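# Examining the three-dimensional arrangement
Listed below, chain by chain, are the residues.
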Amino acid sequence: MYSIKYIIIYFILGFHNLSANQNDFNPYEILGLSRTASDKDIRQSYKRLAKYWHPDKNSESNAHDQFTKINAAYEILSDSKKRQQYDEYGTTSDDNHHGFNTYHFRDPFDMFRAHFFHETSSGAKKIIHSHEFLNNILPNSDKKPYLIFGSTNFCFHCRKPLEIFRSIEKQFNDVGIGTAEFNINDERLSSQLGILNIPSLCVISQGRVYHFDMDYTEANIKEFVRKSIPIKRFIQILRNYDDILTMIKSYNQSNRVHALLITKQKIPTLKFVIPCLQYSTRIQCALFNSSLIKTTSIPSFLKQISIISDTVLLFKEDINKPEFVIKDNDFTFDNLQKLFESNQLLHLSTITSANVFNLICQINSAKPCFLIIGDRNLFAQYHLSFLQLSKQLFDEYKSRMAYLDSSSIQQVQFHEIVSSYYHTNEKKLLILVARRLFSDTIEIQNTNIEFDEKSLNEIQRNIIHIEENLKLFINNRWQFTKKYKLPIIINFDERKQDIFTRIIDQFAYKWNYWIERNRLLRYLSGYLYTYQFWMFTILIFVYMYYSRSESDNRNHNLKQSSKINQIKICEFNEALLQQYTNPGASNVIILVLIADTPEDLCVKDFIREINLIKDSHMIFSILYRQQSMKWLNELSKKIQNQQSIKFFSSNVLALYIRRKFFVSYESISNNNEQSNQTLTFLDWIDLLFNGNFREPITITEWPMKFN
C-alpha cells in the first residue's frame, strides 16, 4: 500500500515539473533580448548563441537542449505574426515549439461553454476567464491596469453600457490599459471579482479590484479609471524650479533616471502615467505645471518648452540638458514606452539591486559588462571621468559600465568574489570585465586597469588608451577567466514609505481582498452604517476573541508539554564548539555526556534525566570517546595548576564556555563503578542553576582538535 502511494506521488511530481518547464519557455530570455529588440538584434543574437551552443562544437551536457531552445525561440521571434501573438497572449498558434509547449492552461469547461454555447459576445476584442485573471491580469496589474466589462447574453439593459465600453476601448488601449470582457455566468470569475450587478464594470489595478457604481457615461468611466490608479504615489508633483533642480540632481542618491512632464493640466495624462508604473523601479516621474513657467530666472532647458502642448524631458547625469525630449505628435504611449525601455539606466549606474545588475550584465548578451570596484570616495571624486568613459563604451560598443560597492553597507555578498582582486583597506579603483551565459553564474576577468589617487588625476589624458584596452575584451577571446556563482544581490531600490503609509496600504489591500472581492461581505457592507450591522459585528468579534483565547491556551499547554519531550541533543564536535566560542555567540552552558557508543546505557539515562529539566538555557550534547579522544587528551593538558583528571564513560561535564571552566558529574548511571557520589543528577543541575559549583576546573583555553 505504501509503495503505491510513493508511485503516485512520484508521477504527480514528475508531471508537475514537466508542466513547469514547459510554461517557463520565454524566447526573449533565451536569446538574451528585450521585447523592443529589432530584427537585426534577433538575427545577431541567434547566430552568436547557435554557434556557441552547437552540439558539434560545445561538449557541455546541456548543449543539445540549449541549442534546441535557441532554435525554437528564433522561430517565434523571426516570424512577425508569431512574435505578435506571443507578445499579446504569451503563446503562438502552434501547439508545440520543438518540444517546448508555451500554452498556458485553460479550463476545459470554460472552452466548452465559450465554443459550444457562445456565452460571450461575438464583437468582443478579448474575452477572459478565471485562470487568465488569476495568473496574468491580477499579478501584473501593478504594471498594466485592466478595465473589464461583464454582461450576459440575454441582458437587454446591458446593450447601451456595452456600446459605451467598446467605443472607448481603443482609447484605453492606446495609453497602455488593457480591456476585456467576461460572462457574468462564469461563476468562478464572478466570484473572484465579487460581482453583484449585471452589467458590471471593474478596474484591476495594483492587485486590487475596483467596482464601478456610477452612471455609464464616457466621462464617468474615464474618471473612475483615473481614480483607480495611484498616480500620486508614483508621480511627484513639483511646485517650483528648485524642486525640478533638486530632483534631477538627486540621480547619484536615487540611482534613477528622471522623467519630467511639462503640462498645463493639474493631473498627468494616462499615456504618461502607465509607462511610469511599468518602469517605476528605474525611472522617477514628476509633473510640472507649465502655467508656472515665467520668462525670468528659469533653467535653460525650460526656455524652449511650449506652454501649450505636453512635453516630456528625460534626464540622466547631465542636469543642464535633458537626454531626450518628446513633444507634440511624438508624445504617444508607444514612443514613451520605447524611450523608457531603452533608457532605464543612467550612463554610469551603481549596482543597487538585482534588476540593475540584470540590465547591466545581461544573460547571453554578446557584449560583456564592465564593473568598477574599489574605494567609494575615490569613485565619487572622479565620477565625471568614469562617466565619460562609460558613455563612449556604450555609444561605440553597446557595453555598459557600472560601479559595484562590495562594502559592508552595500553589496556585501560580492565581497568573496571581489576580495581576490581588491582588499578593502586599499585606496584604489580597478575595472573588471564580466559576462553571464547563465542566470546563476558569472565569468570575471581582471582587466589589470587600476587607478590610485595619482593615476586618477591623469585619467582624462589617458581615456583613449583606457578605451582601447577595454575594447580588447569586447572583441577578443578571454584568457584566465574565473567562474563564480552569482551571489545574492541586496535590493536598495525599494521606495521608502513611512510606517503610516504602509499600514494604510496594507489595510486597503486587505479590505479590497476580503470585502470588495467577496460577494457576501460586499453586499453586507451596504449596511455598514446601520446599528444592526454593528451589533452583529461586535458579537462576532467577541465570539472570535474568546474562541481564540481558548485555542491559544490549549496550544500553549500543548507546546509546554511537548517542549519537555522534544529537547534537542547535539553531537559534541568542532562545529558545535566553534559556534559558541565565536566573539558574538550566546553565553550558554554546554552539558556534555561522555559515552563510547550510542547504544550505551548511560545515553538512555542521560536522555531520560534531561527530559525532566523543565527550564534550562543549556545545550545538551554527547561526546563519543572513540571519535573525540584527542579532544579529551587536549582538555586534560589545558587544565590549570597541573591537575590530573581522567574522563570515564557516563561522566557528564558542564562546560562554561565564556568563563573557561567546567564542572564534572562523575556518572549518570547508578551502576557505574566510578560512581560513588550521593548527589543525584537533578540536584547537581539545581546547584548549577543556583551558581553553586562543586570543584570547578579552570582551563587556559578550549581545545579545537578532534579526531
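Conventions adopted
Residues numbered from 1 in each chain as written. Predicted model: local features only at pLDDT ≥ 70, side-chain atom pairs only at ≥ 80, totals over all residues. Heavy atoms only, no water. Helix = DSSP H or I, 4+ residues; strand = E, 2+ residues; numbered from the N terminus. Buried < 20%, exposed > 50% of the residue type's maximum accessible area, 1.4 Å probe, protein only. Contact = heavy atoms within 4.5 Å. Areas by Shrake-Rupley, 256 points an atom, 1.4 Å probe, with all protein chains shown as cover. Disulfide = S-S within 2.5 Å. Salt bridge = Lys/Arg side-chain N within 4 Å of Asp/Glu carboxyl O. Pairing = 2+ DSSP bridges. Axes fitted to C-alpha atoms, helices over the stretch in contact; angles between N-to-C directions. Expected span 1.5 Å × (residues − 1). Arc of directions from axis to C-beta. pLDDT = per-residue confidence, 0-100. Parallel < 35°, antiparallel > 145°, perpendicular 65-115°, else oblique. Left-handed = near helix turned anticlockwise from the far one by under 90°. Nonpolar A, V, L, I, M, F, W, Y, C, P; charged D, E, K, R; others polar. Core = buried A, V, L, I, M, F, W, Y, C linked by side-chain atoms within 4.5 Å. Domains from an automatic or database assignment. Phe/Tyr/Trp six-rings, centres within 6.5 Å; stacked < 30°, edge-to-face > 60°. Lys NZ or Arg CZ within 6 Å of the ring centre and 35° of its normal.

## A short note on the overall build of the chain
- From N to C terminus, the chain includes 28 helices and 21 strands.
- Taking all 707 residues of the chain together, the buried fraction comes to 44%.
- Considering only contacts within the chain whose residues lie at least 6 apart along the sequence, 71% involve residues at least 24 apart.
- Total accessible area computed for the chain in this model is approximately 40,800 Å², and 52% of it derives from carbon and sulfur atoms.

## Examining the state of the cysteines
- With the rule as written, the count across this model stands at three disulfides.
- Each disulfide pairs two cysteine sulfurs, and for cysteine 155 the partner residue is cysteine 158, the sulfurs being separated by 1.9 Å. On the S-S bond that ties cysteine 155 to cysteine 158, the torsion sits near 75°, and the link is right-handed.
- In this structure cysteine 155 comes out as buried when scored by relative accessible area, which is 7%.
- Here cysteine 361 engages in a disulfide with cysteine 369; their sulfurs sit 1.8 Å apart. Because the sign of the S-S torsion sets the handedness, a value of about 90° for the bond joining cysteine 361 and cysteine 369 places this disulfide among the right-handed ones.
- By relative accessible area, which is 1% here, cysteine 369 ends up buried.
- Ordering the disulfide-forming cysteines of the chain by sequence position, one finds them joined as 1-2, 3-4, 5-6.

## Some remarks on the pattern of salt bridges
- Enumeration according to the criterion identifies 14 salt bridges in this entry.
- With its nearest N and O atoms 3.3 Å apart, the salt bridge here joins glutamate 450 to lysine 428. Pair noted here: glutamate 450 is in strand 14 (residues 441-451) and lysine 428 is in the loop between helix 19 (415-418) and strand 13 (429-435), with a separation of 22 residues, a long-range link.
- The exposure class of lysine 428 is buried, given its relative accessible area of 15%.
- One salt bridge connects glutamate 609 with arginine 608, and the closest N-O pair in it is separated by 3.7 Å.
- Through salt bridges with shared partners, one network takes in Glu426, Lys428 and Glu450.

## Quick notes on the sheet that holds strand 18 (residues 618-624)
- With mixed pairing, the six strands of this open sheet are ordered in space as 16-18-17-19-20-21. Both edges of this open sheet fall to strand 16 (569-571) and strand 21 (697-698), since each of them pairs with a single strand only.
- By the bridge criterion, seven bridges tie strand 17 (residues 589-595) to strand 18 in an arrangement that is parallel. Across the sheet, leucine 593 pairs through a bridge with isoleucine 622, a residue of strand 18.
- Relative to the sheet, helix 27 (residues 625-637) contacts strand 16, strand 17, strand 18, strand 19 (652-656) and strand 20 (661-665), its axis offset from that of strand 18 by approximately 110°.

## What about helix 3 (residues 39-53)?
- The end-to-end C-alpha distance of helix 3, which contains 15 residues, comes to 21 Å, matching closely the 21 Å that a straight helix rising 1.5 Å per residue would cover.
- Of the positions making up helix 3, those classed as buried are Ile42, Ser45, Tyr46, Leu49, Ala50 and Trp53. Projected down its long axis, helix 3 shows its buried positions confined to an angular sector of 120°, all on one face. Opposite the packed face of helix 3, turned more than 90 degrees from it, sit the exposed residues Lys40, Lys47 and Lys51.

## Some thoughts on the confidence of the model for the chain
- On average, the chain scores 80 in pLDDT, and the residues at 70 or more come to 83%.
- Note on residues 670-675: pLDDT under 50 across the span, and nine contacts to partners over four residues away in sequence or across chains.

## Brief notes about the sheet that holds strand 4 (residues 208-211)
- The four strands lie next to each other as 2-1-3-4, forming an open sheet whose pairing is mixed. Unpaired on one side and paired on the other, strand 2 (178-183) and strand 4 mark the two borders of the sheet. Averaged over all pairs of adjacent strands, the angle between strand axes in this sheet comes to 25°, irrespective of strand direction.
- Here five bridges tie strand 1 (residues 146-151) to strand 3 (residues 200-205), and the two strands are oriented antiparallel to one another. Each residue of the ladder has a partner; that of leucine 147, found in strand 3, is valine 203.
- The sheet strands contacting helix 8 (residues 159-174) are strand 1, strand 2 and strand 3, and the helix crosses strand 2 at an angle near 150°.

## Details of the packing of helix 14 (residues 270-278) against helix 15 (residues 333-342)
- Running from amino to carboxyl end, helix 14 crosses helix 15 at an angle of 25°, the nearest separation of the two axes being 9 Å. In terms of axis orientation, helix 14 runs roughly parallel to helix 15. Read as a crossing pair, helix 14 and helix 15 show a hand that is right-handed. Every residue of helix 15 that contacts helix 14 at Lys271, Phe272, Ile274, Pro275, Cys276 and Gln278 is listed here: Phe333, Leu336, Gln337 and Phe340.
- Looking at the contact of helix 14 with helix 15 residue by residue, the class counts come to seven nonpolar, two polar and one charged.

## Observations concerning the nonpolar core
- Ranked by size, the top nonpolar core spans 42 residues in total, and within it Ile221, Val225, Ile229, Phe272 and Phe340 carry the most contacts.
- Counting residues per element, this core draws most heavily on helix 14, which supplies six residues.
- If you count residues domain by domain, this core takes at least three from each of domain 2 (127-228) and domain 3 (231-343).
- Not counting chain neighbours up to four residues away, the residues in contact with phenylalanine 340 comprise Ala259, Phe272, Pro275, Cys276, Tyr279, Ile283, Cys285 and Leu314.

## Some remarks on the packing of aromatic side chains
- For the structure on display, the rule yields 21 aromatic pairs.
- Arranged with centres 6.2 Å apart and planes meeting at 90°, the rings of tyrosine 279 and phenylalanine 340 form a pair that is edge-to-face. Of this pair, tyrosine 279 sits in the loop between helix 14 and strand 7 (283-289) while phenylalanine 340 sits in helix 15, placing them 61 residues apart in sequence.
- The exposure class of tyrosine 279 is buried, given its relative accessible area of 10%.
- An aromatic cluster of three or more residues is present, and its members are Phe149, Phe165, Phe212, Tyr216 and Phe224.
- The ring of phenylalanine 394 carries the charged tip of lysine 398 above its face, separated from the ring centre by 4.9 Å.

## Side note on unusual backbone geometry
- For the bond running from isoleucine 198 to proline 199, omega is -5°, close enough to zero to count as cis.
- Residue placement: proline 199 occurs in the loop between helix 9 (187-193) and strand 3.

## So, the environment of aspartate 440
- Among the secondary structure elements, aspartate 440 is positioned in the loop between strand 13 and strand 14.
- For aspartate 440, a relative accessible area of 43% corresponds to the partly exposed category.
- Residues aspartate 440 and proline 487, spaced 47 residues apart in sequence, show a C-alpha to C-alpha distance of 8.2 Å.
- Beyond its immediate sequence surroundings of up to four residues, aspartate 440 is in contact with Tyr484, Lys485 and Leu486.

## Some points on the pairing of strand 19
- With five of five residues buried, strand 19 lies mostly within the body of the structure.
- Neither face of strand 19 is open: one carries Val652, Ala654 and Tyr656, the other Leu653 and Leu655, and all of them are buried.
- In terms of strand pairing, strand 17 meets strand 19 through five bridges, oriented antiparallel. Pairing of valine 592 across the sheet is with leucine 653, part of strand 19.
- In this sheet, strand 20 lies alongside strand 19 in antiparallel orientation, the contact comprising five bridges. Residue valine 652 lies in a different strand from strand 20, and its bridge partner there is tyrosine 665.
- A loop of four residues connects strand 19 with strand 20, the two strands running antiparallel in sequence, and lysine 660 in this loop sits at a positive phi of about 55°.

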